[in-house]
Amino acid sequence: MRYIALGCALAAALVVQSPVAAEQSAPPAADPKTSVAADSTIAPIDRFDSGKLLATGGVSTVEGSGGGGIATWALITSYGSRDAIGANAHATYITLPDFELRSYGAAIGVFDRVELSFARQEFDTGNTGARLGLGKGFTFKQDVVGAKVRVLGDAIYEQDRWLPQISIGAQWKRNNQEAIVKAVGAKDNSGVDYYIAASKLFLDSSFLLNTTIRFTEANQMGLLGFGGNKNDGYHATFEGSLAALLSRNLAVGVELRTQNDHLQFAKQERWMDVFVAYFPTKNVSFTAAFVDLGTIALQQRQRGGYFSLQVGF
Amino acid sequence: MRRLVLLAALALAVPAQAATLYDDLGGEPVMRRVVEEATKNFLADKRIAVTFGETAIPRFKQLLFEQLCNVSGGPCTYTGRDMAKSHTALKITDAHFSALVEDLQDAMDKEKIAFTTQNRLLAILAPMRRDIVTR
């Protein structure tokens, strides 16, 4: 709850300082020669306009932020334009040989400037839990509250510039298994990730590139706690994704995410996936992927299927 | 040295053969139909129809054709006003601009223009948003 309040306070502060507000309070002076049009030719502003182009809202990551499946993007989630608010909810299911990971949550995009998100993650050890001495069906739950701000650039429209859209963000994470994560060598069961993300649509060749540098203490996204007995403290990790747009409502791509190596008991490996995302309308999207999450908690070759549904506007 | 000669030969050969984006879009007949269809879409789109309230539609269609032809490398000169002057009074928003893009995409879909070819045109048009979106 404390985190949610913090996130909201941060967002409120950012909205107040946002140049969007300044732009709106000071409309550009009309050119006297051209301002012959009466108010009757001015289309109204819809505050829930779904005013972005299809697919440009991206999908929801397993941490709840706007992005791909495992990589966060600089794009602000939802279809709300610079004058509007958009929102969405997601449910994601990842099935691996020895585990299941479920994520569900919701996010809003405010004026295409600020994104606030919440995700609940459930890392279900199933039968593996018994083998690890945790008990069959033992489940780590983690809440992730995210805030993201678009700092500069426009990934979609500034096609004559190299400058990508750049956003900064933070994710507050709290894992409910303090005793267990500390027993495996983590220092804490909660932590904050900070990231800077850059996204650029290369429209003339129909692909989208995203890179994110994340400063994090997390082990396996925080599901195995934060910090550790092998390495400790913040490290920079990399997230990248490359998506090819095949049509207005279909994209395919690859993602990569590196990880910290903090824990003596188990090495953490990079994650990757190959995905296809289908956007039949602005109100719903389906993403399916083949994921390779490497070794998790000594269980090797965690490769499987990723399925995600997002609904929103 | 041989490579240099090859490069020079390529440089000379390519411009003569390279089709412009205008050609890839289908040239004048297709682009006239795209403009016709897109304009129909704009006027039927309740998000933006009102902004055409004082527009002389036949002239608008001619200018839109000239512009699309011109920016895609076709043999046309755009004879209209610049984007900023022609849109200021309309107080176009971000969402209105997107609506217009969607209507144009629908028109190009109807003419069976390949998605990637459409995007090459949209990539040229997209930066105009800076001049068109003023609200």
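Residues numbered from 1 in each chain as written. Chains lettered and ligands numbered in written order. Predicted model: local features only at pLDDT ≥ 70, side-chain atom pairs only at ≥ 80, totals over all residues. Heavy atoms only, no water.

## Overview of the overall build of chain A
Heads up, the condition is: By the criteria applied, helices consist of DSSP H or I runs no shorter than four residues and strands consist of E runs no shorter than two, each listed in order from the N terminus. Relative accessibility under 20% of the residue-type maximum defines a buried residue, over 50% an exposed one, and the middle range a partly exposed one, all with a 1.4 Å probe and only protein chains included. We call two residues in contact whenever any of their non-hydrogen atoms come within 4.5 Å of each other. For the accessible areas, the method is Shrake-Rupley and the probe is 1.4 Å, while residue cover comes only from the protein chains on display.
Looking only at helices and strands, one finds four helices and 14 strands in chain A. Residues counted as buried form 56% of the 313 residues belonging to chain A. Here the analysis covers contacts within chain A between residues at least 6 apart in sequence; of these, 60% occur between residues at least 24 apart. If you sum the accessible surface of chain A, you get close to 12600 Å²; carbon and sulfur atoms cover 64% of it.

## A look at the overall build of chain B
Broken down by element type, chain B carries eight helices and zero strands. Its helices and strands taken in sequence order, chain B reads α-α-α-α-α-α-α-α from the N to the C terminus. Burial statistics for chain B: of 135 residues in total, 47% are counted as buried. Within chain B, counting contacts between residues at least 6 apart in sequence, those at least 24 apart form 70% of the total. Carbon and sulfur atoms make up 60% of the accessible area of chain B, which totals about 7100 Å².

## Structural notes on the side chain of Asn-88 of chain A
Residue and element names in this part refer to chain A. Mapped onto the fold, Asn-88 is located in strand E3 (residues 85-95). What makes Asn-88 buried here is its relative accessible area of 8%. Sequence-distant contacts of Asn-88, that is, excluding residues within four places in its chain, are made with Ser-60, Thr-77, Ser-78, Gly-105, Ala-106, Ala-107, Gln-310, Val-311 and Gly-312.

## Describing the UniProt feature "binding site: heme" (unreviewed entry) in chain B
All names here are of chain B. Applicable threshold: UniProt positions are given in the numbering used here, feature names are shortened, and annotations may be inferred rather than shown by experiment. Polar contacts, as counted here, are pairs of nitrogen or oxygen atoms within 3.5 Å of one another; within protein the pair requires one atom able to donate a hydrogen and one able to accept it, and residues that are adjacent in sequence qualify only if both atoms are side-chain atoms.
The positions UniProt marks with the feature "binding site: heme" (unreviewed entry) are His-87. Relative to the helices and strands, His-87 resides in helix H5 (residues 83-87). Not counting chain neighbours up to four residues away, the residues in contact with His-87 comprise Ile-92 and Ile-132. Here the side chain of His-87 touches Ser-86 through a polar contact of 3.2 Å, side chain to side chain.

## Describing the pattern of salt bridges
Opposite charge on two side chains permits them to pair, given that their charged atoms come into close proximity. Residues and elements named next belong to chain A. Put simply, the rule reads: For this analysis, a salt bridge means a side-chain nitrogen from Lys or Arg found within 4 Å of a carboxyl oxygen belonging to Asp or Glu.
Within this structure, the stated rule accounts for 39 salt bridges over all chains. Here Glu-63 makes a salt bridge to Lys-173, at a shortest N to O gap of 2.6 Å. Highlighted residues: Glu-63 in the loop between strand E1 (59-60) and strand E2 (66-67) and Lys-173 in strand E7 (residues 165-175), separated in sequence by 110 residues. Taken as a pair, Glu-63 and Lys-173 share a single burial class, namely buried.

## So, the state of the cysteines
All names here are of chain B. Heads up, the condition is: By disulfide we mean two sulfur atoms from cysteines, separated by a distance within 2.5 Å.
This model, assessed by the stated rule, comprises one disulfide over all chains. Covalently, Cys-69 is tied to Cys-76 through a disulfide, its sulfur atoms 1.9 Å apart. Measuring the twist about the S-S bond at about 80 degrees, one finds the Cys-69-Cys-76 disulfide to be right-handed. Here the two residues Cys-69 and Cys-76 agree in accessibility, since each one is buried.

## Things to note about the interface of chain B and chain A
As a reminder of what qualifies: When two components associate, each loses some accessible surface as probed by a 1.4 Å sphere; the sum of these losses over both components is called the buried area. Any residue outside Ala, Val, Leu, Ile, Met, Phe, Trp, Tyr, Cys, Pro, Asp, Glu, Lys and Arg is labelled polar, Gly included; the first ten of those are nonpolar and the last four are charged.
Of the residues lining the interface, 34 residues belong to chain B; the matching set on chain A comes to 37 residues. Between chain B and chain A lies a buried interface of about 3000 Å² when both sides are counted; carbon and sulfur atoms form 57% of it. Between chain B and chain A we count six salt bridges in total. Across the pair Arg-130 of chain B and Glu-158 of chain A runs a salt bridge whose closest N-O atoms are separated by 3.9 Å. For the pair chain B and chain A, the number of links is eleven residue pairs in polar contact (both at pLDDT 80 or more). For the side of chain B that touches chain A, the secondary structure elements donating two or more residues are helix H6 (94-110), helix H7 (115-125) and helix H8 (129-132) of chain B. Among the elements that make up the side of chain B that touches chain A, the one with the highest residue count is H6 of chain B (ten residues). Its residues placed into classes, the side of chain B that touches chain A shows eleven nonpolar, ten polar and 13 charged.

## Focus on the pairing of strand E13 (residues 284-292) of chain A
Residues and elements named next belong to chain A. What counts here: The pairing criterion for strands is at least two bridges between them, as found by DSSP.
One ladder, built from eight bridges, connects strand E12 (residues 271-281) with E13; its direction is antiparallel. Paired with Ala-277 across the bridge in E13 is Thr-287. Taking the residues between adjacent antiparallel strands as the criterion, E12 and E13 are bridged by two residues.

## Here's the deal with a nonpolar patch on the surface
Residue and element names in this part refer to chain A. Just so we agree on the cut-off: Like-charged residues are merged into a patch within 9 Å and nonpolar side chains (Val, Leu, Ile, Met, Phe, Trp, Tyr) within 5 Å, provided each residue has over 30% relative accessible area and no salt bridge.
On the surface, a nonpolar cluster with roughly 880 Å² of combined accessible area is contributed by Val-151, Leu-152, Leu-163, Ile-168, Tyr-194, Ile-196, Ile-213, Phe-215, Tyr-234, Phe-238 and Leu-256. Looking at the nonpolar patch, the elements that each hand over two or more residues are strand E6 (139-152), strand E8 (190-202) and strand E9 (207-216). Positionally, Tyr-194 belongs in strand E8. Judged by relative accessible area, Tyr-194 falls into the partly exposed class, the value being 41%.

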